[in-house]
Amino acid sequence: MQPARPAAPSAVAVATPTRPPAELLACPVAPEGFPRDAEATMPPAVRFAAIRLATAYAALARQLGRLIDWNDPASCPEAR
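First, a word on scope: everything that follows refers to the structure included in this document. It should be emphasised that the depicted structure is a prediction, and the values quoted were computed from it without experimental measurement. (Residues numbered from 1 in each chain as written. Predicted model: local features only at pLDDT ≥ 70, side-chain atom pairs only at ≥ 80, totals over all residues. Heavy atoms only, no water.)

1. Digging into the overall build of the chain
Right, so step 1: Secondary structure summary: the chain contains one helix and zero strands in total.
Right, so step 2: For 80 residues, the compact-globule estimate of 2.2 N^0.38 gives 12 Å, and the chain exceeds it by more than 25% at 24 Å.
Right, so step 3: Looking at the 80 residues of the chain, the share that counts as buried comes to 8%.
Right, so step 4: Within the chain, counting contacts between residues at least 6 apart in sequence, those at least 24 apart form 65% of the total.
Right, so step 5: Of the accessible surface of the chain, which amounts to about 7500 Å², a share of 64% is contributed by carbon and sulfur atoms.
Right, so step 6: Averaging the locations of the 8 positively and 7 negatively charged side chains of the chain gives two centres separated by 14 Å. (Helix = DSSP H or I, 4+ residues; strand = E, 2+ residues; numbered from the N terminus. Rg over C-alpha atoms; globule rule 2.2 N^0.38 Å. Buried < 20%, exposed > 50% of the residue type's maximum accessible area, 1.4 Å probe, protein only. Contact = heavy atoms within 4.5 Å. Areas by Shrake-Rupley, 256 points an atom, 1.4 Å probe, with all protein chains shown as cover. Lys, Arg positive; Asp, Glu negative; His and termini not counted. Charge placed at Lys NZ, Arg CZ, Asp CG, Glu CD.)

Below is the structure:
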C-alpha cells in the first residue's frame, strides 16, 4: 500500500486596493534651505554631516516623487 499523496496547494487570492491612499500620493515639499545672506563657520565634520543629510533627504524626496508619479503620472513633475 502506497502512502497517500498530499493535496496540491491551492492558490489564494487577496483583494488589494488599486491605488494607495490619498495621503500617500501627496508630492513631497522641499523645505526652505539655509538663508543666502547669512554666514556661519562650521567645523568640517559638521559641514560634511549637513551635506550628507541634505543629499540623503533630496534622494528620498526624489524617490518618493517617482513612486507617486508611477501611481499617478505627471503628479510630481519635479521628481524626475
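What follows continues from the structure just given.
2. What about a nonpolar patch on the surface?
Right, so step 1: A contiguous nonpolar surface patch, about 320 Å² in accessible area, is contributed by Phe-34, Met-42 and Val-46.
Right, so step 2: Position of Met-42 relative to the elements: it lies in the segment before α1 (44-71).
Right, so step 3: On the basis of relative accessibility, which here comes to 34%, the residue Met-42 falls in the partly exposed class. (Patch = residues over 30% accessible without salt bridge, like charges linked within 9 Å, V, L, I, M, F, W, Y side chains within 5 Å. Salt bridge = Lys/Arg side-chain N within 4 Å of Asp/Glu carboxyl O.)

3. Some remarks on the layout of surface pockets
Right, so step 1: Its volume calculated, the second largest pocket comes out at about 150 Å³.
Right, so step 2: Considering the residues around the second largest pocket, the lining is formed by Phe-34, Met-42, Arg-47, Ala-50, Ile-51 and Ala-54.
Right, so step 3: The residue makeup of the lining of the second largest pocket, split by class, is five nonpolar, no polar and one charged. (1 Å grid on protein atoms, 1.4 Å probe; cavity = no way out; pocket = protein on both sides within 12 Å on 5 of 7 lines; lining within 4 Å. Points joined across faces, edges and corners; volume = space filled by probe spheres on them. Nonpolar A, V, L, I, M, F, W, Y, C, P; charged D, E, K, R; others polar.)

4. Notes on the packing of aromatic side chains
Right, so step 1: Counted by the stated rule, this structure contains zero aromatic pairs.
Right, so step 2: The lysine or arginine in question, Arg-47, covers the ring of Phe-48, its NZ or CZ lying 5.0 Å from the ring centre. (Phe/Tyr/Trp six-rings, centres within 6.5 Å; stacked < 30°, edge-to-face > 60°. Lys NZ or Arg CZ within 6 Å of the ring centre and 35° of its normal.)

5. Quick word on the environment of Leu-53
Right, so step 1: Following the sequence through the fold, Leu-53 ends up in helix α1.
Right, so step 2: On the basis of relative accessibility, which here comes to 63%, the residue Leu-53 falls in the exposed class.
Right, so step 3: Along the chain, Leu-53 and Ala-38 lie 15 residues apart, while their C-alpha atoms are 20 Å from each other.

6. Quick notes on the environment of Val-29
Right, so step 1: Its place among the elements puts Val-29 in the segment before α1.
Right, so step 2: When the C-alpha positions of Val-29 and Pro-73 are compared, they lie 17 Å apart, and in sequence the two are 44 residues distant.

7. Focus on the environment of Pro-17
Right, so step 1: Among the secondary structure elements, Pro-17 is positioned in the segment before α1.
Right, so step 2: The spatial distance from the C-alpha of Pro-17 to the C-alpha of Glu-32 is 35 Å, given a sequence separation of 15 residues.

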